[in-house]
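Structural description and commentary
Each chain, written out:
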Amino acid sequence: MRCNTRIPSGCAISGMMCESGDRVDGSAIIKSIALMHDRSNGLGGGFAAYGIYPRRADQYAFHMMFDDFAAKENFDEYVKDHFIVERDEVIPTSPFGNITSPPVLWRYFLNVDEKKLEFVEDREYVVNKVMEINSNVPGAFVSSSGKNMGAFKGVGYPEDIGHFYKLEEYKGYIWTSHGRFPTNTPGWWGGAHPFGLLDWSIVHNGEISSYGINKRYLEMFGYKLELRTDTEVVAYLFDLLVRRQNLPMELAVKALSAPFWDNIDRMEPHTKELMTAIRMVYGGALLNGPYSIILGHSRGMMGLNDRIKLRPMTCGRKDDMLYMASEESAIREIEPDLDTVWSPKAGEAVVGTLNGEVE
Amino acid sequence: MATELSPVSQIPPEFHVKVDHDQCRKCKRCVLNCSFGCMQFKDKVTPDHSKCVACHRCTTFCPENAISITDHPMVYKENANWTERIRQNTLKQAETGGILLTGMGNPKPYPILWDHLLIDACQVTNPSIDPLREPMELRTFLGSKPDKLEFERDEHNNVRLKTQLAPHIQLDIPVIFAAMSYGAVSHNVHKSLAIAANKMGTLMNTGEGGLHEDLYPYSGRIMVQVASGRFGVHSDYLKAGAAVEIKIGQGAKPGIGGHLPGEKVGLEISKTRMIPVGTDALSPAPHHDIYSIEDLSQLIFAIKEATDYMKPVSVKIAAVHNVAAIASGIVRAGADIVTIDGFRGGTGATPAIIRDNVGIPIELALAAVDQRLRDEGIRNQASLVCAGSIREAADVAKAIALGADACVIGTAALIALGCRVCQKCYTGNCAWGIATQRPELTRRLDPDVGSQRLCNLLTAWKHELQEVLGSLGVNSIESLRGSRERLRGIGLDKETLEILGVKPAGVGM
Ligand code: SF4
Ligand code: SF4
């Protein structure tokens, strides 16, 4: 089942965030991504949603995919040994016309026993376990592992996947989505986007031409790249730079989508020193090739384009809402009356920050 | 007492020099130009075939194109085992009783793995980039890098860099000139390299013979070497260099020392090397203060102390069987740069037995070292520089994809200056004024012309590298560096592919 070759793909992405923390249901994001139907080919679609489990907001929500029930049994043994399982249940789905042969979809709400955290911080512990599950528990795959969020993805057109997972019934303050156009048939649900790790989620349109070195760079820090997808690389880079190394987000972005030397040479001395050091030290993290990315995390959403803007991205704002999508039409479809709309420059991050409390 | 042998050598000449006397106008330029005593004039130009080394000096300067040089038309009874080379060498040793000396790099037909590696390009799913329209960055920094940076905020709440970075050298092109000592090569060669390195934003390397005082103005782009003989090493020398290199070994002669014969040690070399005129300059095989890795560490830090921690320190080793573990030790010993010289690397003089049989190819050494340093999580701690027959820009691109930070060129640079790879550097008669100290020969190389030819070569390579990056769809060299996914092997066995970390051609991503 699992696909171990790397498959280039073209894509549609769309994301929306309410910066004040108000939550909306999933029908708008489905409508937005559905408009870009022709950018996908029915071989992959998915969503990430933040704020969907308010009553279990302190527990790690593991969205799991199992090849079969035997694989689930393996995992159930594993998870008992490593986590406190607060609750587990099937992820509700409605059999929808075009979606065929889904894996077993289950979610677990987990806590980590204090005793396990003597030598390691809890998020580090969870990351290690996610990698362990994906590489060592046969037939089991962690599709997302953050708190108060989840990834919903599979093989099919994104709007069909959205209805299949009944996203109209969830409410979130951030929604991102992805429609995929892979160049051959992966047929494996885990390979669809978004990619999730802790509360990071990535949807991505593009092809990372520097994948080879980004992968080897991450491996040096202990990451295991199981999926061989660009999205996985992007998520791990954010995890490394922002979570493990504490880089401010605005500087992490400069490592991934670095300014050109010609521009750096013209900067004022302090900034020049800063940017030069980032490029020297984080050369292995530089993402090269065409991409537009939407990164979601519990405190916000960020859009980022490659260094010379080889893939499209448009952003819009209306009151507290921030939108970003591959095409402006996908934003206008759900908010025709925007306050502002713009195309961010190459390498310039668009940042949405949660400034209110999540309701 | 040894018996006197007949003065007539039994060894047949290697080359045959043919002068077309109908075309020759007896200008004698060939006679004046030949530094090996092959071209003589007896009523007409009369070559002594046995002295020809195929250096092309005469053919280049003959105004009538009247000279042609071919292999000597001597047929040996065919024998795949007792090759001509082996029979000739046996005769030579029977006549001289000596070690066979030679110059330049290993000429034997070992597999050249560069020629078994193929580079990827973009089609449809990711676009290629046009280097004529878009920036295409080659800027490279040599030196130790931390695993992470730390930042702080100043009084105006601006983010500032907190981490103090180790010293670095900025290169505008990831190709630097090889260590070639003043003594092995002429002053004009050093000067040509120094000027070119400054103009192109790269480095030259003094080699083990010190730096002539005339070249101190260029020292911001000069790596100064400290070898086992410690020739020309003094405090100002260390402080003048852009970086300091400890030479442990050299690809053309791993494990053995060096020897500059006294006749080459004239006044200028004597001053530069700080030895008396006319004495042999002998570099011992090991450094006599380095008998283990902790000794190396002490020398590294002694040099850092002497240079106030302002210069990166490089350690150069030959690619030998256990190179990965040795390189890892060198990084842990505190080196900022590790330079690895493969077994095809050049030299001014070396015993042929060592040059032709000792060491391993740089492609394998580089791949093994880069992977080992990554496995140990210390790849950032030092830059990796690879040498030992980088022949063209394609080799540079492939070396960088395997994991090198920069490549070293020695022979290629000398060829740009006129060298014809005749392998007679150890004789001191180089007709091109390169590997010689004879004033009438060194005059032949004008440093202004030489440096321009070197700049042209590097400029051409720079454009070629940019084309390769563009076709790969990346616009910065660090996206190629270590990206073995963009290489495929052809005609290589499984183990070799594994060591190189490269998939066979035909396998996708
Ligand atoms: S250089 Fe040419 S033309 Fe002049 S003497 Fe020699 S062979 Fe004759
Ligand atoms: S440097 Fe001179 S002697 Fe040595 S190979 Fe080149 S041309 Fe021949």
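Residues numbered from 1 in each chain as written. Chains lettered and ligands numbered in written order. Predicted model: local features only at pLDDT ≥ 70, side-chain atom pairs only at ≥ 80, totals over all residues. Heavy atoms only, no water.

What about the overall build of chain B?
In plain terms, the rule: Each helix is a run of DSSP H or I of at least 4 residues and each strand a run of E of at least 2, with the numbering of both proceeding from the N terminus. Using C-alpha atoms as the atom set, the radius of gyration is obtained and then compared with a globule rule of 2.2 Å times the number of residues to the power 0.38. A simple rule labels every residue: compare its accessible area, found with a 1.4 Å probe on the protein chains alone, to the largest value its type can have, and call it buried under 20%, exposed over 50%, or partly exposed in between. Throughout, a contact is declared for two residues whenever any of their heavy atoms are within 4.5 Å. Using a 1.4 Å probe, accessible areas were evaluated by the Shrake-Rupley method; residue-level cover was limited to the displayed protein chains. Neither His nor the chain termini are counted; the positive set is Lys and Arg, and the negative set is Asp and Glu. By convention, charge coordinates are those of NZ in Lys, CZ in Arg, CG in Asp, or CD in Glu.
Scanning chain B from N- to C-terminus turns up 15 helices and 23 strands. In terms of overall dimensions, chain B is globule-like: its C-alpha atoms have a radius of gyration of 24 Å, near the 23 Å expected for 509 residues. Referenced to the eigenvectors of the C-alpha coordinate spread, the extents of chain B come out at roughly 90 × 60 × 45 Å. Across the 509 residues that make up chain B, the buried fraction comes to 54%. Expressed as a percentage of contacts within chain B between residues at least 6 apart in sequence, the contacts between residues at least 24 apart total 69%. Accessible surface for chain B amounts to roughly 22100 Å². Of this, 53% is attributable to carbon and sulfur atoms. When the 55 positive and 55 negative side-chain charges of chain B are each reduced to one mean point, those points stand 4 Å apart.

What about the overall build of chain A?
Helix and strand content of chain A: 10 helices and 18 strands. Here the C-alpha radius of gyration of chain A, 19 Å, is about what a compact globule of 359 residues would show, namely 21 Å. Principal-axis analysis of the C-alpha atoms gives chain A an extent of 60 × 50 × 45 Å. Buried positions account for 65% of the 359 residues belonging to chain A. In chain A, the proportion of contacts linking residues at least 24 apart, taken out of those at least 6 apart, comes to 76%. Carbon together with sulfur atoms contributes 48% to the accessible area of chain A, which is approximately 12600 Å² in total.

Considering the site of ligand 1
Spelled out, the test is: To be near a molecule or strand, a residue needs just one of its heavy atoms within 4 Å of it. Three residue categories are used. Nonpolar comprises Ala, Val, Leu, Ile, Met, Phe, Trp, Tyr, Cys and Pro, charged comprises Asp, Glu, Lys and Arg, and polar comprises the others, including Gly.
Around ligand 1, the surrounding shell consists of Cys24, Arg25, Lys26, Cys27, Lys28, Arg29, Cys30, Val45, Cys62, Pro63 and Ile67 of chain B. Looking at side-chain class alone, the shell around ligand 1 contains seven nonpolar, no polar and four charged residues.

A word on the sheet that holds strand E6 (residues 117–119) of chain B
All names here are of chain B. Threshold: For two strands to count as paired, DSSP must find a minimum of two bridges between them. Angles here are taken between N-to-C directions and fall from 0 to 180 degrees, while the axes themselves are lines fitted to C-alpha atoms, restricted in helices to the stretch in contact.
Reading across from one edge, E6-E22-E23 is the order of the three strands in this open sheet, with mixed pairing throughout. Each edge of the open sheet carries a strand with a single partner, namely E6 and strand E23 (503–504). Summarising the sheet, E6 and strand E22 (residues 487–489) pair through three bridges and their orientation is antiparallel. Bridge pairing in E22 places Leu117 opposite Gly489. Docked against the sheet, helix H11 (residues 393–402) engages E6 and E22, running at close to 90° with respect to E6.

A short note on the interface of chain A and chain B
How we decide: Two parts placed together each lose some accessible area; with a 1.4 Å probe, that loss summed over both constitutes the buried area. Any carboxyl oxygen of Asp or Glu that lies within 4 Å of a side-chain nitrogen of Lys or Arg is treated as forming a salt bridge with it. We define a polar contact as two N or O atoms separated by no more than 3.5 Å, with the added condition that, inside protein, one atom must be a possible hydrogen donor and the other a possible acceptor, whereas residues neighbouring each other in sequence contribute only through side-chain atom pairs.
Listed as interface residues are 42 residues of chain A and, on the opposing side, 43 residues of chain B. Taken together, both faces of the contact between chain A and chain B bury some 3800 Å²; the carbon and sulfur share is 59%. Among the residues chain A hides against chain B, the three largest losses belong to Arg216, Met220 and Met280 of chain A. Together they make up 20% of the total. Across the chain A-chain B interface, the total number found is six salt bridges. Among the salt bridges present, the one from Asp265 of chain A reaches Arg139 of chain B, with a minimum N-O distance of 2.6 Å. Seen at the junction of chain A and chain B, the total is 17 residue pairs in polar contact (both at pLDDT 80 or more).

Let's talk about the packing of aromatic side chains
Residue and element names in this part refer to chain A. Inclusion rule: Stacked, tilted and edge-to-face are the three classes assigned to paired rings of Phe, Tyr and Trp, where Trp is represented by its six-membered ring and a pair needs centres within 6.5 Å; plane angles under 30 degrees give stacked, over 60 edge-to-face, the rest tilted.
Scanning the model with the defined rule gives 18 aromatic pairs over all chains in all. Ring geometry for Phe75 versus Tyr108: centroids 4.9 Å apart, planes at 75°, classification edge-to-face. In this pair, Phe75 is assigned in helix H2 (residues 69–82) and Tyr108 in strand E6 (residues 104–111), connecting sequence segments 33 residues apart. Accessibility classification places Phe75 together with Tyr108 in one group, the buried group. A ring pair is formed by Phe152 and Tyr170, whose centres lie 4.9 Å apart and whose planes are at 55°; its orientation type is tilted. Taken together, the positions of Phe152 in strand E8 (residues 149–154) and Tyr170 in the loop between helix H4 (158–164) and strand E9 (171–172) put the pair 18 residues apart, joining distant regions of the chain.

What about helix H8 (residues 323–332) of chain B?
Residue and element names in this part refer to chain B. Most of H8 is tucked away: seven of the 10 residues are buried. For H8, the full list of buried residues reads Val323, Ala324, Ala327, Ser328, Gly329, Ile330 and Val331. Looking at the packing, one finds that the buried side of H8 touches helix H7 (293–306), strand E17 (313–318), strand E18 (337–341) and helix H10 (362–375).

Comments concerning the pairing of strand E3 (residues 44–47) of chain B
Residues and elements named next belong to chain B. Examined bridge by bridge, strand E2 (residues 39–42) and E3 share four bridges and lie antiparallel to one another. Paired with Gln40 across the two strands is Thr46, which belongs to E3. Linkage of E2 to E3, two consecutive antiparallel strands, is achieved through a turn of one residue, within which Asp43 is found at a positive phi near 70°.

Digging into the nonpolar core
General note: in soluble globular proteins, nonpolar side chains tend to be found buried as a group. To keep it simple, the criterion reads: Here, nonpolar core means buried Ala, Val, Leu, Ile, Met, Phe, Trp, Tyr and Cys residues that are tied together by side-chain atoms lying within 4.5 Å of each other. Domain start and stop positions are those given by an automatic or database domain assignment.
Grouped together as the largest cluster of nonpolar side chains are 116 residues, with contacts concentrated most on Met39, Phe177, Ile340, Ile409 and Ile434 of chain B. Sort the elements by how many residues they give to this core and helix H14 (residues 447–472) of chain B lands first, with eight residues. Per-domain counts for this core show at least three residues from each of domain 1 (15–101) and domain 2 (140–504) of chain B. Judged by nonpolar contacts, the second largest core, of 109 residues, contains Met65, Val130, Trp261 and Leu304 of chain A.

Observations regarding the pattern of salt bridges
Within the structure shown, the criterion is met by 45 salt bridges over all chains. A salt bridge links Glu124 of chain A to Arg243 of chain A, with the shortest nitrogen-to-oxygen separation between them at 3.1 Å. On the criterion of sequence distance, the pair formed by Glu124 of chain A in helix H3 (residues 122–136) and Arg243 of chain A in helix H6 (residues 230–244) is long-range, its members being 119 residues apart. Overlapping salt bridges bring together Arg216 of chain A together with Asp370, Arg374, Arg379, Asp405, Arg481 and Arg484 of chain B as one network.

Here's the deal with the sheet that holds strand E7 (residues 140–144) of chain A
All names here are of chain A. On the basis of which strands lie adjacent, the open sheet formed by four strands has the order E5-E6-E4-E7 and antiparallel pairing. Every other strand in the sheet has two partners, leaving strand E5 (84–90) and E7 as the edge strands with one partner each. Averaged over all pairs of adjacent strands, the angle between their axes in this sheet comes to 30°, without regard to strand direction. Relative to E7, strand E4 (residues 60–66) is paired through four bridges, and the arrangement is antiparallel. Counterpart to Met65 in the pairing with E7 is Phe141. Sheet strands in contact with H2 are E4, E5, E6 and E7, and its direction is about 5° off that of E6. Contacts from H3 reach E4 and E7 within the one sheet, and its direction differs from that of E4 by about 5°.

Section: empty space enclosed by the protein
What counts is decided by this rule: Each cavity reported here is a set of points on a 1 Å grid over the protein atoms alone in which a 1.4 Å probe fits but cannot get out, each pocket an open set with protein on both sides within 12 Å along at least five of seven lines, and each lining residue one with an atom within 4 Å of a point. Grid points are joined across faces, edges and corners, and a volume is the space filled by probe spheres set on the points.
This structure, assessed with the given rule, holds seven cavities of 30 Å³ or more. Together, 22 residues line the largest cavity, and Met280 and Gly284 of chain A together with Lys145, Asp405 and Arg481 of chain B are the ones closest to its centre. Residue composition of the lining of the largest cavity, grouped by class: eight nonpolar, six polar and eight charged.

A look at the confidence of the model for chain B
The predicted coordinates of low-pLDDT regions are not to be read in fine detail. Put simply, the rule is: The predictor rates its confidence in each residue with pLDDT, a number between 0 and 100.
For chain B, the mean per-residue pLDDT works out to 95, and 100% of the residues sit at or above 70. Scoring the predicted complex yields pTM 0.92 and, for the interface, ipTM 0.90.

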